[in-house]
Amino acid sequence: MRLKDKVALVTGAGGGLGTAIAKRFAAEGASVLCTDQNVAAAAATAASLTEAGGQASALEADVAKPADCDAQVRETIARYGRIDIAVNNAGVAFHRLALDTTLEDWERVMRINLTGSFLTAQAAARAMVDQGAGRIIQIGSISGQRGNMGGIAYGASKAAVMHLCKVMAVELSGKGVMINAIAPGPIETGISKHGPSRKKAYSDRIPTGAYGDADAVAGAALFLASDDCGWTTGHILNVDGGYRAAGLSYDPAEVASN
């Protein structure tokens, strides 16, 4: 087991990516505190982990509230004695054009996706520095790397989250705390539902020709949380079917004739 005797905090564990990551961690031997604003959903995730033979519990936490960001780290330590891994997955998204985005929209996304991620990472890092080791995984997005229509607030928040990862990695690597980020590509989750035109636009540009799924992101998170990740810190790991790498793509049969 790659996470045997480790303790992990997974925010936004009530559905989508958070559930998949929590399940993968528990299956690999970690004790997992599942937090979510929707405590019933977090409890359901924790129950599924324990039913499968893992060690898990749930806590209500709203990362839009600074006190909750700190409390979920304290509670992880109170329940399991330490915190080895923190995954900042909780987030919110909506599709709205820049000229239609209100200040309220903007501030809500930034408060949850960016400030909540920072404050939770900060609280976890302080505990990990005291321990002399720890791993923090931020969930970014390809929307923070490319300009997608309708993603002004979400994309800006995720770009900031990924830069936050780099700065904290530089500052804390000498203290035993390794911080990396995952940038998922097109994946439908609880906070992200794509209409037909958006889905076609993505699918036409993904070299693998298909959307990803939450398990692909969970696998990447497991790597970043494990000792296999080794010396890596400040890295943004794209899990996107080649979407970011892609340039011009067309039928291979045409290559020789063009």
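Attention in this report is confined to the structure presented alongside it.

Procedures and definitions
Residues numbered from 1 in each chain as written. Predicted model: local features only at pLDDT ≥ 70, side-chain atom pairs only at ≥ 80, totals over all residues. Heavy atoms only, no water. Helix = DSSP H or I, 4+ residues; strand = E, 2+ residues; numbered from the N terminus. Rg over C-alpha atoms; globule rule 2.2 N^0.38 Å. Buried < 20%, exposed > 50% of the residue type's maximum accessible area, 1.4 Å probe, protein only. Contact = heavy atoms within 4.5 Å. Lys, Arg positive; Asp, Glu negative; His and termini not counted. Charge placed at Lys NZ, Arg CZ, Asp CG, Glu CD. Pairing = 2+ DSSP bridges. Axes fitted to C-alpha atoms, helices over the stretch in contact; angles between N-to-C directions. Core = buried A, V, L, I, M, F, W, Y, C linked by side-chain atoms within 4.5 Å.

So, on to the overall build of the protein. Helix and strand counts for the protein stand at 7 helices and 7 strands. Helices (α) and strands (β) of the protein occur, in sequence order from the N terminus, as β-α-β-α-β-α-β-α-β-α-β-α-α-β. The globule rule puts the C-alpha radius of gyration for 258 residues at 18 Å, and the 18 Å found for the protein is close to it. If one aligns the C-alpha atoms of the protein with their principal axes, the spans along those axes are about 65 × 45 × 40 Å. In the protein, buried positions account for 47% of the 258 residues. Once local pairs closer than 6 in sequence are excluded, the contacts in the protein between residues at least 24 apart make up 73%. Counting 24 positive and 25 negative side-chain charges, the protein places the centres of these two groups 2 Å from one another.

This part is about the sheet that holds strand E3 (residues 55-60). Strand order in this open sheet of 7 strands is E3-E2-E1-E4-E5-E6-E7, and the pairing throughout is parallel. Strands at the two margins of the open sheet, each flanked by one partner only, are E3 and strand E7 (236-239). Each neighbouring strand pair of the sheet contributes to a mean axis angle of 20°, computed without reference to strand direction. Pairing of strand E2 (residues 31-36) with E3 involves 6 bridges; the strand directions are parallel. The partner of cysteine 34 across the bridge, within E3, is alanine 58. Sheet strands touched by helix H7 (residues 214-225): strand E4 (85-88), strand E5 (134-139), strand E6 (177-184) and E7. Its angle to E6, the strand with the most contacts, is close to 165°.

With 31 residues, the main nonpolar core has Val10, Ile21, Phe25, Val32, Val87, Ile137 and Ile182 as its most contacted residues. Every element with two or more residues in this core is listed here: strand E1 (7-11), helix H1 (16-27), E2, helix H2 (39-51), E4, E5 and H7. Ranked by residue count, the leading element in this core is H7, at 7 residues. In contact with phenylalanine 25, not counting residues within four places along its chain, are Leu3, Ala8, Val10, Ala30, Val32, Ile85, Val87, Ile137, Ala221, Leu222 and Ala225. The next biggest cluster of nonpolar side chains, apart from the first, holds 26 residues, and it includes Ile83, Ala121, Val177 and Ala183.

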